[in-house]
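# Fold and geometry: a report
In case you want the letters, here they are:
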Amino acid sequence: MSSATPAEPTGGSAPAARPRVLSGIQPTSDTIHLGNYLGAVRQWASLQEEFEPFFFIANQHAITVEHDPKKLLERTYRSVAQLLAAGVDPARSAIFVQSQVPEHSQLAWVLECLTGFGEARRMTQFKDKSAKVGEGAVSVGLLTYPMLMAADILLYRPQYVPVGEDQRQHLELTRDLAQRFNHRFKKTFRLPEAYIPKSTAKIMDLQEPRAKMSKSASSPSGLIDVLDDPKITAKKIRSAVTDSDTVVRFDEENKPGIANLLRIHSALSGEEIPALEERYAGQGYGQFKKDLADVVVDFVAPFRERTLALLDDRAHLQQVMAKGADQARAVASRTLADVYDRVGFVAPPPERR
Ligand code: AMP
Ligand code: TRP
């Protein structure tokens, strides 16, 4: 086995002038919701100045549960269109689809072989889902989901991975696997850090403000789908659950509904929460919710227009994906070549290198 001396990652991925960031989103719904936007996608657009970004659609993760192929394909296009509508710019970011970069599955296999069966089984997502429906009803893909995610990340040697709080455990496993590989073979992977924005880390359900906003919400009225008819969205905001008090005050513990609405307002309007509390002092919830509905509609209406226009031009979306896949493979194939070499796999024939 090669020496354990830490070496700089080799294989042509010379340190970029800007640190790299990488993130992915699953194409599991026709529209992203406000939690996805504020917790993830919006950050992606804002990271483009400072970082060298790789953003992708995790369509392989989306088949770990039963799925409809037509919907998956359409949602993949929709996801790309929504990233573009959110300001993720193909001239500055590599935007690609996971299944178009085969290195992800190839590295995932190697990482699966470094992961303990019990370790994988204990991951919260697998434990929770299999506890709900029984181990016989979940796929092995659900068990190996975190190793595929680790491969997604490690192939690009990013410094930061912007994700929501719920992905923290996956990031930790990724770091563990990177360390394990580096230690067992040779230093190959950089340890990525989670990049979790504090103020909007968790957007809550409008009807059940102690549960996070999620597409699997028990009732659609708690969920703001960004591509919904803006009229429906305004109505959902106006009927958000609050409390029996009347004071617009940020108190996560005792007033989770209002705290969530204040956080949404502040995230979209850019106004600080204390300034909002002051403005609405003595006004009650009605006015606050009405104004918040306007703030949200001012964001969702143009976002929706932009997305629908992008979806009318499939050829353009295909070009974006093809360019992104080329950019991604240029990096991923070099990392995978290092990995294959270090685990003792025979090198590919020269014409395929
Ligand atoms: P998902 O829809 O679970 O695939 O999540 C896509 C991205 O959005 C991930 O980075 C999540 O952490 C983030 N996310 C999902 N739901 C929320 C939420 N309610 N608040 C903040 N971020 C979220
Ligand atoms: N598991 C992530 C989610 O459900 C999606 C994802 C897959 C991802 N691979 C990734 C996020 C790599 C960041 C980096 O949200």
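Presented here is a report on the structure given in the accompanying data block. (Residues numbered from 1 in each chain as written. Chains lettered and ligands numbered in written order. Predicted model: local features only at pLDDT ≥ 70, side-chain atom pairs only at ≥ 80, totals over all residues. Heavy atoms only, no water.)

## Quick notes on the environment of threonine 76
Put simply, the rule is: To qualify as a helix, a DSSP run of H or I must reach at least 4 residues; to qualify as a strand, a run of E must reach at least 2; elements of each kind are numbered from the N terminus. Whether two residues are in contact is decided by their heavy atoms: any pair within 4.5 Å suffices.
Inspection of the secondary structure puts threonine 76 in helix 2 (residues 69–85). Placed 128 residues apart in sequence, threonine 76 and methionine 204 show a C-alpha to C-alpha distance of 25 Å. The contacts of threonine 76, once residues within four sequence positions are left out, are Pro27, Ile57, Asn59 and Val97.

## Some details on the pattern of salt bridges
Note the cut-off: Definition used for salt bridges: Asp or Glu carboxyl oxygen within 4 Å of a side-chain nitrogen of Lys or Arg. For every residue, the accessible area (1.4 Å probe, protein chains only) is compared with the maximum for its type, and the residue is labelled buried under 20%, exposed over 50%, or partly exposed between those bounds.
Scanning the model with the defined rule gives 17 salt bridges in all. Between glutamate 103 and arginine 329 there is a salt bridge; the shortest N-O distance is 3.0 Å. On the criterion of sequence distance, the pair formed by glutamate 103 in helix 3 (residues 103–112) and arginine 329 in helix 12 (residues 314–343) is long-range, its members being 226 residues apart. Overall, glutamate 103 belongs to the buried group, its relative accessible area being 4%.

## Section: the pairing of strand 2 (residues 52–57)
Consecutive side chains of a regular strand alternate in pointing toward one face of the sheet and then the other. Here is the rule: For two strands to be treated as a pair, DSSP must find at least two bridges joining them. Note on handedness: a clockwise path from strand one over the helix to strand two, with the strands aimed away from the viewer, defines a right-handed crossover.
Across the 6 residues that make up strand 2, a large majority, 5, are buried. Of the pairings in the sheet, the one linking strand 1 (residues 20–25) to strand 2 comprises 6 bridges and is parallel in character. Bridging across to strand 2, serine 23 finds its partner in phenylalanine 55. Between the parallel pair strand 1 and strand 2, the chain is carried across by helix 1 (residues 34–46), and the sense of this crossover is right-handed. By the bridge criterion, 4 bridges tie strand 2 to strand 3 (residues 94–97) in an arrangement that is parallel. In the sheet register, phenylalanine 55 faces strand 3, and the bridge partner there is isoleucine 95.

## Description of the site of ligand 1
Stated formally: Near is defined per residue: the residue qualifies when any heavy atom it owns lies within 4 Å of the molecule or strand. We define a polar contact as two N or O atoms separated by no more than 3.5 Å, with the added condition that, inside protein, one atom must be a possible hydrogen donor and the other a possible acceptor, whereas residues neighbouring each other in sequence contribute only through side-chain atom pairs. With residues, only the protein chains shown are counted as cover, and all accessible areas are computed by Shrake-Rupley using a 1.4 Å probe. Under the scheme applied here, ten amino acids are nonpolar (Ala, Val, Leu, Ile, Met, Phe, Trp, Tyr, Cys and Pro), four are charged (Asp, Glu, Lys and Arg), and all others, including Gly, are polar.
In the vicinity of ligand 1 lie 16 residues, with Gly164, Asp166, Ile203, Met213 and Lys215 positioned nearest. Residue aspartate 166 places a side-chain N or O atom 2.5 Å away from an oxygen atom belonging to ligand 1. Contact with the protein chains covers 91% of the free accessible surface of ligand 1, which is 480 Å². In terms of residues, the shell around ligand 1 owes the most to one element, helix 1, which gives 4 residues. Classifying every residue of the shell around ligand 1 gives 6 nonpolar, 6 polar and 4 charged.

## Looking at the site of ligand 2
Taken together, 14 residues lie around ligand 2, and Gln26, Tyr145, Met149, Asp152 and Gln167 are the ones closest in. In the model, a nitrogen atom of ligand 2 is placed 2.6 Å from a nitrogen or oxygen of the aspartate 152 side chain. Glutamine 167 places a side-chain nitrogen or oxygen 3.1 Å from a nitrogen atom of ligand 2. Counting only elements with at least two residues in the shell around ligand 2, the list comes to strand 1 and helix 6 (140–154). When residues in the shell around ligand 2 are grouped by element, the largest group, 4 residues, is from helix 6.

## Describing the nonpolar core
For clarity, the cut-off: Throughout, nonpolar core names a set of buried Ala, Val, Leu, Ile, Met, Phe, Trp, Tyr and Cys residues whose side chains join them through atoms within 4.5 Å.
Judged by nonpolar contacts, the single largest core of 57 residues is most densely connected at Tyr37, Val80, Leu206, Phe303 and Leu317. Of all the elements, helix 11 (residues 284–311) adds the most residues to this core, at 11 residues. Setting aside residues up to four positions removed in sequence, valine 80 forms contacts with Ile57, Ile95, Leu317, Val320 and Met321. If you look at the next biggest cluster of nonpolar residues, it comprises 44 residues, including Ala58, Leu154, Val163 and Ala325.

## Some thoughts on the packing of helix 3 against helix 6
For clarity, the threshold we go by: Angles shown run from 0 to 180 degrees and are taken between the N-to-C directions of axes, each axis being a line fitted to C-alpha atoms and, for helices, limited to the stretch in contact. Just so you know how the angles are binned, under 35 degrees is roughly parallel, over 145 roughly antiparallel, 65 to 115 roughly perpendicular, and the rest oblique. Crossing handedness follows the turn of the near helix against the far one: under a right angle anticlockwise gives a left-handed crossing, and clockwise gives a right-handed one.
Their axes nearest at 8 Å, the elements helix 3 and helix 6 cross at an angle of 120°. Between helix 3 and helix 6, the angle is such that the two are oblique. Seen along the crossing, helix 3 lies across helix 6 with a hand that is right-handed. Of helix 6, the residues touching helix 3 (which contributes His104, Ser105, Leu107, Ala108, Leu111 and Glu112) are Thr144, Met147, Leu148, Ala150, Ala151, Asp152 and Leu154. Partitioning the contact of helix 3 with helix 6 into residue classes produces 8 nonpolar, 3 polar and 2 charged.

## Overview of the packing of aromatic side chains
Keep this limit in mind: Stacked, tilted and edge-to-face are the three classes assigned to paired rings of Phe, Tyr and Trp, where Trp is represented by its six-membered ring and a pair needs centres within 6.5 Å; plane angles under 30 degrees give stacked, over 60 edge-to-face, the rest tilted. In this analysis the charged atom, NZ for Lys or CZ for Arg, is taken to sit over a ring once it is within 6 Å of the ring centre and within 35 degrees of the ring normal.
One pass over the full model with this rule turns up 13 aromatic pairs. Where tyrosine 160 meets tyrosine 195, the ring centres are 5.7 Å apart and the plane angle is 65°; that geometry is what we call edge-to-face. Note that tyrosine 160 is positioned in strand 4 (residues 160–162) and tyrosine 195 in strand 5 (residues 193–195), a separation of 35 residues in sequence. With a relative accessible area of 30%, tyrosine 195 lands in the partly exposed category. Grouping aromatic residues by their ring pairs yields a cluster made of Phe54, Phe56, Phe96 and Tyr156. Positioned above the aromatic ring of tyrosine 77, the side-chain terminus of arginine 314 is 5.0 Å from the ring centre.

## Some thoughts on unusual backbone geometry
Backbone geometry places arginine 157, a non-glycine residue, at a positive phi of 50°. Owing to a relative accessible area of 6%, arginine 157 belongs among the buried residues under this scheme.

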